[in-house]
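Topology and contacts: notes
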Amino acid sequence: MSDTGIGASVKRKEDQRFLTGRGNYTDDIDRPNQTYAYILRSPMAHARIKGLNIDAAKAAPGVLAVFTGADTAGLGGIPCGWGVNNKDGSPMNEPKHPVLAEGKVRHVGDPVALVVAETYAQAKDAAEAIEMDLEELPAVVNMEKAIAGSGPQVHDDAPSNLCYDWELGDEAEVDGAFKDAAHVVSIDITNNRLVPNAMEPRAAIGEFDKATGEYTLYTTSQNPHVIRLLMGAFVLQLPEHKLRVVAPDVGGGFGSKIYHYAEEAMVTWAAPRVGRPIKWVAERAESFISDAHGRDHITHADLALDKEGKFLGLKVYTKANMGAYLSTFSTCVPTYLHSTLLAGVYTTPKIYSEVKAIFTNTVPVDAYRGAGRPEATYLLERLVSKAAWELGMDQVEIRRKNFIPKDAFPYQTPVALQYDSGDYDATLDKALELADYAGFPARKAEAAKRGKLRGIGFSTYVEACGIAPSAVVGSLGARAGLFESANVRVHPTGSVSIFTGSHSHGQGHETTFAQLVSDTLGIPLENVDIVHGDTNKVAFGMGTYGSRSLAVGGEAIMKALGKVTDKAKKIAAHIMEASEADIEFKDGKFTVSGTDKEMAFGEIALAAYVPHNFPHDQLEPGLEEQAFYDPMNFTFPGGCHICEVEVDPDTGVVEVVNMTAADDVGRVINPMIVEGQIHGGLAQGIGQALLEQCIYDEDGQLVTGSYMDYCMPRADNLPDFKAATTETLCAHNSLGVKGCGEVGAIGSPPSVINAVIDALRERGVTDISMPATPQKVWQALRAAEMPAAAE
Amino acid sequence: MNTPSKRTQISITVNGKTYSRDVEARRTLADFLREDLGLTGTHIGCEHGACGACTVTVDGMLARSCLTLASQMDGCEIRTVEGLSGPNGLHPIQAAFKEHHALQCGYCTPGFLVTAAAMLEETQDPTEGQVRDWLSGNICRCTGYQFIVDAVLSAAETMRSETEERDAS
């Protein structure tokens, strides 16, 4: 291993600009003659727009234009990228998602008017002068009420607010498995609604060049090419070659910056109409009411076990909140990213899953770090722990007994996925050792002396990422392929530019990808630049989400590098007058086997551009290659998270005192970066379990619309983590990599809640929902003390 | 509708350089730094003083530039992230952030750096608990904080040994 190659904890190349305040985020960009946009949003969750008087706003100081839904009604709706069919094969209900509200508003924050002015303050002032005559309609927030059929309708053309009623598996067949069961363990759980809260608020700048007819959109996106495609082809119908989308430095995404948002379309569409560039930057309050939210599932599940504790069958019934409109990937989250993972790490032979996706008068809900897999993992691991407690089994024993054994791979689950590799005992063993499981009883006894209730909770999980094989997702309704592209440009002096369709918004691609190049070509890291985030520079790309950058984007780079070395060998063979088959490439040197002839990589690079004696019918000048990589399968990271908590029974405060994560993310390219990703995921998982909850009141008003109300994890809420990796290689990619971006957020929440329940069990508490706030824990303890009083 | 607000003349020193500017009374210090002076290293994360991304120092005291009006800053000395590194390169806290992988997307980083640098001027030998307490006013969504805490403790050590060397020579 070289000190800059695969496996080295190389310090990040991108850090210098971020540390010195010289990052280039969208809001840092100012275009010549730029104007500013403010978006007037609905203050009501559900209302008919009876009138909009924009005259005073148009006449306000500095105002250049005011647009409403009447202006944008001819545009396409914001598209959904994944079609899901109902049980009977009919397509899902897909109501229009207008750029600006048309006739009705359907959630607090729904955009009603776009005001463009010389300054942001002027645009905001003018928006106050818009007379918005809204006739308030009853709103529906609760999913049970929404599908009852008698209440408010979010969309007239979606009866009972049903988007789809979908299933996976044969319910009758799984019922059969339940007939032989010695035990059935059931659970009702809620996966709490979350707000992703990337620290950089969304922003967009639209620009139009009249001379060339070219549009440019600068935007806070995880996938600029996807935005170009969705906005250009579906919403604005702009020619793709005349639309450039730039996603410069982006301050975190966590899924929320995958989607095509109305604001991007607004500023791009309005730019030629105003005749100047238009910049819009969300205020945090706007982020809360316009960024896609995450999770929000209500699930009932039954697990059948034999008398030894082996799982026989699983039935899962989920209601998933879509919000008021379908965000880009919303529909696939509860179905293909959730239900297909319900085997978990276990050999459960029969599984049935039903998902009802429901419209409500809330912000659209879509993928948030983990997307579907945290929901599946939370359900399974809560259920497995509950089964162990009810059956009097050890938490470790029940899991080991049901693990897919390491010699069973490739393993076909009953829910469509085929896992390629894994070793769940290895991650469990590693976690048990790191967490000092054996020492837990002593720690619990010691805590009891201090008046604290100490509990330990487990989660053994697998997830499906490296999204995704196009053929598979296409057959499941995806309206796009999920490959990745890469271009390797070797410059005449031997330095290299990599153009990748992946996008870094914190993940460190500029370092990890450079390590792949340094390792493959044997050149120093500083001779490699990673270019991303600009559709005019990068040929194509599907972007970064679903822990796909290395497993898909990295593989595309490897494939293009392979083409570069093949071509370079041809050049080397020609110059050294040898047969191509005799050329070897190692450590940055081309040698002719059996001779002492050699040429450095840089010499070949120069020769490629100075082709004085090339046989041009056989050898082209230049050294640049493009590759597209479409994965054969998903990748399947997995592991074990063990959480230890102490609960103060007098206050209900839960403290995470130990958080252990042993994850198998395949081959690790940069251990430092991988550990950072795992830490970040754990923080979001603990946040979901203990702190974060997005709350709407019955009228559809967002109660938790600021950082004073929505509890974000802070430095004093979290412990030091014990994180380690074990390694089984991905069997279907050249690097053996699986992905590490989401494992922390997927695996950890059930470990935290199981630990809280374990701590409270001795007091008679058997259930607690996320987030386990002090109030909730305190109430659960009081209710358990006085069961009658709690009713 | 609000009437356009009044304007005020201020003289302000930012990272050692003095500027005289005419500002709208309602202009925040954050917007002033970013838009009037082009110092875009200071980031705005929430506009309500809760996330700490916009943290700067005003006359040596930590302040949320999103909640501070530029018009109040007449005669004040401001330090932003751009003022941390000197002619000899990165400030020890910046170097430690890189060494310990204490940043990912970089958006909250300027606020953490300014906060940590100011804290380390006050307390040279903090405990982990103190560091977590100091930093609890800043939100980072990427890192889970552990590497940030490690970086601050490591920078404290570096700065102590630098001080000792200076004192010895």
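Scoring rules and cut-offs
- Residues numbered from 1 in each chain as written.
- Chains lettered and ligands numbered in written order.
- Predicted model: local features only at pLDDT ≥ 70, side-chain atom pairs only at ≥ 80, totals over all residues.
- Heavy atoms only, no water.
- Phe/Tyr/Trp six-rings, centres within 6.5 Å; stacked < 30°, edge-to-face > 60°.
- Helix = DSSP H or I, 4+ residues; strand = E, 2+ residues; numbered from the N terminus.
- Buried < 20%, exposed > 50% of the residue type's maximum accessible area, 1.4 Å probe, protein only.
- Lys NZ or Arg CZ within 6 Å of the ring centre and 35° of its normal.
- Expected span 1.5 Å × (residues − 1).
- Contact = heavy atoms within 4.5 Å.
- Domains from an automatic or database assignment.
- Buried area = accessible area lost by both parts, 1.4 Å probe.
- Salt bridge = Lys/Arg side-chain N within 4 Å of Asp/Glu carboxyl O.
- Patch = residues over 30% accessible without salt bridge, like charges linked within 9 Å, V, L, I, M, F, W, Y side chains within 5 Å.
- Areas by Shrake-Rupley, 256 points an atom, 1.4 Å probe, with all protein chains shown as cover.
- Lys, Arg positive; Asp, Glu negative; His and termini not counted.
- Charge placed at Lys NZ, Arg CZ, Asp CG, Glu CD.
- UniProt positions renumbered as here; feature names shortened; annotations may be inferred.
- Nonpolar A, V, L, I, M, F, W, Y, C, P; charged D, E, K, R; others polar.
- Disulfide = S-S within 2.5 Å.
- Axes fitted to C-alpha atoms, helices over the stretch in contact; angles between N-to-C directions.
- Parallel < 35°, antiparallel > 145°, perpendicular 65-115°, else oblique.
- Pairing = 2+ DSSP bridges.
- Polar contact = N/O pair within 3.5 Å; in protein donor to acceptor, adjacent residues only side chain to side chain.

**A few points about the packing of aromatic side chains**
All names here are of chain A. Throughout the structure, instances matching the rule amount to 24 aromatic pairs over all chains. Between Trp82 and Tyr336 the ring centres are 5.9 Å apart and the planes differ by 25°, which places this aromatic pair in the stacked class. Residue Trp82 is located in the loop between α3 (69–72) and β4 (104–105), and its partner Tyr336 is located in the loop between β14 (311–323) and β15 (350–359); the two are separated by 254 residues in the primary sequence. In this pair, the class of Trp82 matches that of Tyr336, namely buried. Pairwise contacts between aromatic rings join Phe311, Tyr346, Phe403, Phe409 and Tyr424 into one cluster. The positively charged end of Arg17 is found above the aromatic ring belonging to Phe18, 4.7 Å away from the centroid.

**Quick look at helix α5 (residues 146–168) of chain B**
Over its 23 residues, α5 of chain B extends 33 Å from the first C-alpha to the last, a length consistent with the 33 Å expected when each residue adds 1.5 Å. Where α5 of chain B is buried, its residues contact α18 (671–691) and β28 (721–726) of chain A together with α2 (92–99), α3 (109–122) and α4 (128–135) of chain B.

**Looking at the domain arrangement of chain A**
How big an interface is tends to be stated in terms of the accessible area lost upon association of its parts. Residues and elements named next belong to chain A. Structurally, chain A comprises domain 1 (31–137 + 199–252 + 257–290), domain 2 (297–467 + 633–790) and domain 3 (483–629). In this structure, domain 1 and domain 3 have C-alpha centres spaced 40 Å apart. The partner domain 3 presents 14 residues to the 16 residues of domain 1 that form the contact. Across the domain 1 to domain 3 interface the summed buried area is about 1,300 Å²; carbon plus sulfur atoms make up 54%. In terms of surface lost to domain 3, no three residues of domain 1 exceed Gln222, His225 and Arg244, which account for 43% of the buried area on that side. Where domain 1 touches domain 3, the interface holds one salt bridge.

**Some remarks on a negative patch on the surface**
Judged by side-chain charge, Glu162, Glu164, Glu165 and Asp167 of chain B come together as a negatively charged surface patch. Within the fold, Glu165 of chain B resides in helix α5.

**Describing the UniProt feature "domain: Aldehyde oxidase/xanthine dehydrogenase a/b hammerhead" (unreviewed entry) in chain A**
Within this structure's numbering, the places UniProt gives as "domain: Aldehyde oxidase/xanthine dehydrogenase a/b hammerhead" (unreviewed entry) are residues 20–138 of chain A. Span residues 20–138 of chain A is 13% helix and 29% strand, its end C-alpha atoms 51 Å apart.

**Observations regarding the interface of chain B and chain A**
On the chain A side, the residues contacting the 46 residues of chain B number 59 residues. The interface formed by chain B and chain A holds six salt bridges in total. Among the salt bridges present, the one from Arg141 of chain B reaches Glu692 of chain A, with a minimum N-O distance of 2.8 Å. Listing elements by their share of the side of chain B that touches chain A, those giving two or more residues are α1 (29–36), α2, α3, α4 and α5 of chain B. Here the element with the most residues in the side of chain B that touches chain A is α2 of chain B; it accounts for four residues. In terms of residue class, the side of chain B that touches chain A is made up of 18 nonpolar, 18 polar and ten charged.

**Here's the deal with the state of the cysteines**
Residues and elements named next belong to chain B. Under the definition given, this model contains zero disulfides over all chains. Cys46 takes part in no disulfide bond, and the closest cysteine sulfur, belonging to Cys51, lies 3.9 Å away. With a relative accessible area of 3%, Cys46 lands in the buried category. As a non-bridged cysteine, Cys142 has Cys105 as the owner of its nearest cysteine sulfur, 3.8 Å distant. Note on Cys142: relative accessible area 5%, which makes it buried.

**Section: the packing of helix α16 (residues 549–575) of chain A against helix α17 (residues 601–609) of chain A**
Residues and elements named next belong to chain A. Where α16 meets α17, the closest approach of the two axes is 10 Å, and the angle between their N-to-C directions is 85°. It follows that α16 is roughly perpendicular to α17 by the angle criterion. Taking contact as the criterion, the partners of Ala568, Ile571, Ala572 and Ile575 in α16 are, on α17, Ile604, Ala607 and Ala608. For the contact of α16 with α17, the residue count by class is seven nonpolar, no polar and no charged.

**Quick look at the environment of Leu476 of chain A**
Note that Leu476 of chain A resides in the loop between α14 (470–475) and β19 (484–490). For Leu476 of chain A, the contacting residues outside a window of four places in its chain are Trp82, Gly83 and Tyr336 of chain A.

**Topic: the pairing of strand β23 (residues 589–592) of chain A**
Residue and element names in this part refer to chain A. Side chains Phe590 and Val592 of β23 all project onto a buried face; the interleaved residues Lys589 and Thr591 project onto a face where none is buried. As defined by bridge partners, strand β22 (residues 583–586) adjoins β23 across four bridges and the pair is classed as antiparallel. If you follow Phe585 over to β23, its bridge partner there is Phe590. Between the antiparallel neighbours β22 and β23 lie two residues, among them Asp587 with a positive phi of about 50°. By the bridge criterion, three bridges tie β23 to strand β24 (residues 598–600) in an arrangement that is antiparallel.

**Here we look at the sheet that holds strand β12 (residues 278–281) of chain A**
Residues and elements named next belong to chain A. The mixed open sheet is built from seven strands, whose spatial order is β3-β5-β1-β12-β9-β10-β11. Lying at the two open borders of the sheet, with one neighbouring strand each, are β3 (63–68) and β11 (243–246). This sheet shows a mean twist of 20° between the axes of neighbouring strands, independent of strand direction. Judged from the six bridges that link them, strand β1 (residues 35–41) and strand β5 (residues 111–117) form a sheet pairing that is antiparallel. Of the residues in β5, the one forming a bridge with Leu40 is Ala113. The strands touched by helix α4 (residues 120–127) within the sheet are β1, β3, β5 and β12, with β1 carrying the most contacts at an inclination of about 30°. On the sheet, helix α8 (residues 262–274) packs against β1, β3, β5, β9 (203–209), β10 (214–219), β11 and β12 and is oriented at approximately 30° with respect to β9.

**Here's the deal with the environment of Arg400 of chain A**
All names here are of chain A. Turning to its location among the elements, Arg400 is positioned in helix α11 (residues 395–402). Arg400 sits 393 residues away from Gly7 along the chain, and the two C-alpha atoms are 31 Å apart. Discounting residues that sit within four places of it in the chain, Arg400 has contacts with Asp425, Leu428, Asp429 and Leu432. Of the polar contacts made by the side chain of Arg400, one reaches the side chain of Asp429; its length is 2.5 Å.

**Some points on the side chain of Ser136 of chain B**
Relative to the helices and strands, Ser136 of chain B is located in the loop between α4 and α5. The class of Ser136 of chain B is buried, set by a relative accessible area of 16%.

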